[in-house]
Amino acid sequence: MCARNFTPKFSRNFTRSCRVPARSICQPYLIRMSRYLVQKSGPLDGEVHISGAKNSALKLMAACLLAEGTHTLRNVPDIADVTLMSGVLEAIGLSITRKQEDHTTTLVIERGPDVQPEAPYELVEKMRASTAVLGPLLATVGEARVAMPGGDDFGARPIDMHLAGLEALGASFELSHGDIFGTTDGLVGAEIALDYPSVGATENLLMAAVLASGSTTIINAAREPEIADLASFLNRMGATVVGAGTSRIDIVGVPELRAVEHTVVPDRLEVGTFLAALGIAGGELTLHNTRPDHLEMLVDRLGAMGLRISPEGDSLWAMSRSRPRATDVATLPYPGLATDFLPLLVAVLCFADGTSYATENVFAGRFGYVGEFARMGAGIRVEDHHLVIDGVESLSGAPVRAPDIRAGAALVVAGLGAEGITEVRDGYHIDRGYERLEEKLRAIGAPVERVDD
Ligand code: UD1
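Each chain carries its own residue numbering, running from 1 in the written order of its sequence. Residue-level local features of this predicted model are given only where pLDDT is at least 70; pairs of side-chain atoms are given and counted only at 80 or more, and the full residue set underlies all totals for whole chains, interfaces and linings. Excluding hydrogens and water, the side-chain values take into account all heavy atoms of the structure.

### Quick word on the packing of aromatic side chains
(1) Moving on: Ring pairs are drawn from Phe, Tyr and Trp, using the six-membered ring of Trp, whenever the two centres fall within 6.5 Å, and their geometry is named by plane angle: stacked under 30 degrees, edge-to-face over 60, tilted for the rest. By the definition in use, this model includes two aromatic pairs.
(2) Moving on: Residues F367 and Y369 carry aromatic rings whose centres are separated by 6.3 Å and whose planes lie at 80° to one another, so their mutual orientation is edge-to-face.
(3) Moving on: For F367, a relative accessible area of 12% puts it in the buried group.
(4) Moving on: A residue is classified by how much of its surface remains accessible, and Y369, at 1% relative accessible area, is buried.
(5) Moving on: Cluster of aromatic residues (ring-pair linked, three or more members): F367, Y369 and F373.
(6) Moving on: Ring-over charges, as used throughout, are those where CZ of Arg or NZ of Lys falls within 6 Å of the ring centre and within 35 degrees of the ring normal. Across from the ring centre of F181, 5.0 Å away, lies the NZ or CZ of R145, which sits over that ring. Exposed residues in this analysis have more than 50% of their type's maximum accessible area, buried residues have under 20%, and partly exposed residues fall in between, with area computed by a 1.4 Å probe over protein chains only.

The following block contains the structure:
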């Protein structure tokens, strides 16, 4: 079947009955307000330890639902989204212990026999990645109630492909009072062709299919490194997944999985953030705990802007000594340039010696940051799904708002090339995805402070 255009059935009978009051679950996971204060920086110099990938860790945490026992996830980033996902899993009935080991965080996740298959709105609305519990809950409990995520700063962001794909595996869904309620008498493998290589849909289907009876093939699957990381975790748990990281994934369902240990893949988006900072402030950096093979398109585009970058084992050395060159950039699903890199590259191009075109092909509405760059004096305008950027030598520090995680970080790094103080408000977006960004930047010479409000 073709996974597209899912239209939920509206049920009159189904009423929301969250068995644990949402308020008590969600209270510890309230978002803490913060601001980032940034001053113009001299050249950067030093070494940075890159954390584990947020976009992988969140899905690996959800995958722990698939097997009873004690799971251990190493190299988990210490960020607000991991706390939120812990909240979702704790609401479902898992218990999570966090340990600090050698500058990294390890999560020990206990999944017992009893779970309550509900992800409450109060947490899902803060982090749409919580929808990743849908596939694992249907596969293990045969039931899942997950608040339907609303739109966000990227635009509408539907989950129709997740739902249509899970229906092809034998689940049924109803939408009632803002919740999606899924049930199944047992998932059965199927061939599913995605209209678009959605990361979230591929992951949800993968996590459902590993315990389905029979074989599943996902055609036009997303190829992001985080999907290969999820598949390697699932295979270690006893699943049979072949082809993850390519556009065809074959899965043979198994009756049960076991709890295991796994180390989260390094965060390629954090690498992009420090390289963007280098492109603006200049200097020389070595980034440790990276996967250079996941960064080819980013390195190509930054190379075109004039940065010199070379891999040294699992580290990346980079140097920038001159004003960036104007360059065109365009996002595509992996192995194309990740949409999450775009605001960071736009920040660099704001300082380039000419006019650049930046094209967003993945999320049509992902230009919420343009007005904020304009407040800092950037020569930037939107034309359909393109940005036209007339580079300037320096920006002017101003109060701005972070509209989402990566655009927030992009405003911070833009501040490194701005006269005066740049105050990036709504810093909680940045805190969702970055581990101690201000400390890591300060350690390489960038004057950045984070203030709790
Ligand atoms: C994930 C990442 C996000 C990244 C994005 C694309 C996480 C937590 N987030 O988001 O940082 O920017 O991949 O690399 O891993 N779409 C539909 N219907 C669906 C699903 C998606 O129309 O059912 C559309 C989306 O609106 C978007 C495109 O497909 O236009 C890509 O979305 P998708 O790959 O699913 O992104 P996410 O998994 O949400």
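There's more to say after this.
### As for the site of the ligand
(1) Moving on: As a matter of local geometry, the ligand sits amid 20 residues, with D160, M161, S198, D340 and V362 nearest to it.
(2) Moving on: For the purposes of these results, a polar contact is taken to be a pair of N or O atoms within 3.5 Å, where, inside protein, one atom must be able to donate a hydrogen and its partner to accept one; residues adjacent in sequence count only when each atom of the pair is a side-chain atom. M161 is positioned with one of its backbone polar atoms (N or O) 2.7 Å from an oxygen atom of the ligand.
(3) Moving on: Contacts to the ligand include R366, whose side-chain N or O atom sits 3.5 Å from an oxygen atom.
(4) Moving on: Within the residue set of the shell around the ligand, elements represented by two or more residues are helix 2 (54-63), helix 6 (160-168) and helix 7 (199-209).
(5) Moving on: Numbered from the N terminus, helices here are DSSP runs of H or I no shorter than four residues, and strands are runs of E no shorter than two. Per-element accounting of the shell around the ligand gives the leading share, three residues, to helix 6.
(6) Moving on: Here the shell around the ligand is composed, by residue class, of eight nonpolar, five polar and seven charged. Residues are labelled near a given molecule or strand when at least one of their non-hydrogen atoms is within 4 Å of it. Any residue outside Ala, Val, Leu, Ile, Met, Phe, Trp, Tyr, Cys, Pro, Asp, Glu, Lys and Arg is labelled polar, Gly included; the first ten of those are nonpolar and the last four are charged.

### Considering the sheet that holds strand 4 (residues 44-49)
(1) Moving on: Spatially, the four strands line up as an open sheet ordered 4-17-19-18, and their pairing is mixed. Each of the sheet's edge strands pairs with one partner strand only, and the pair in question is strand 4 and strand 18 (308-312). Strand-to-strand twist of the sheet, defined as the mean angle between neighbouring strand axes without regard to direction, takes the value 10°.
(2) Moving on: For strand 18 and strand 19 (residues 315-320), the ladder comprises five bridges, and the chain directions are antiparallel. Only strands that DSSP links by at least two bridges are regarded as paired with each other. Geometry is summarised by axes, namely lines fitted to C-alpha atoms with helices restricted to the contacting stretch, and by angles between N-to-C directions that run from 0 to 180 degrees.

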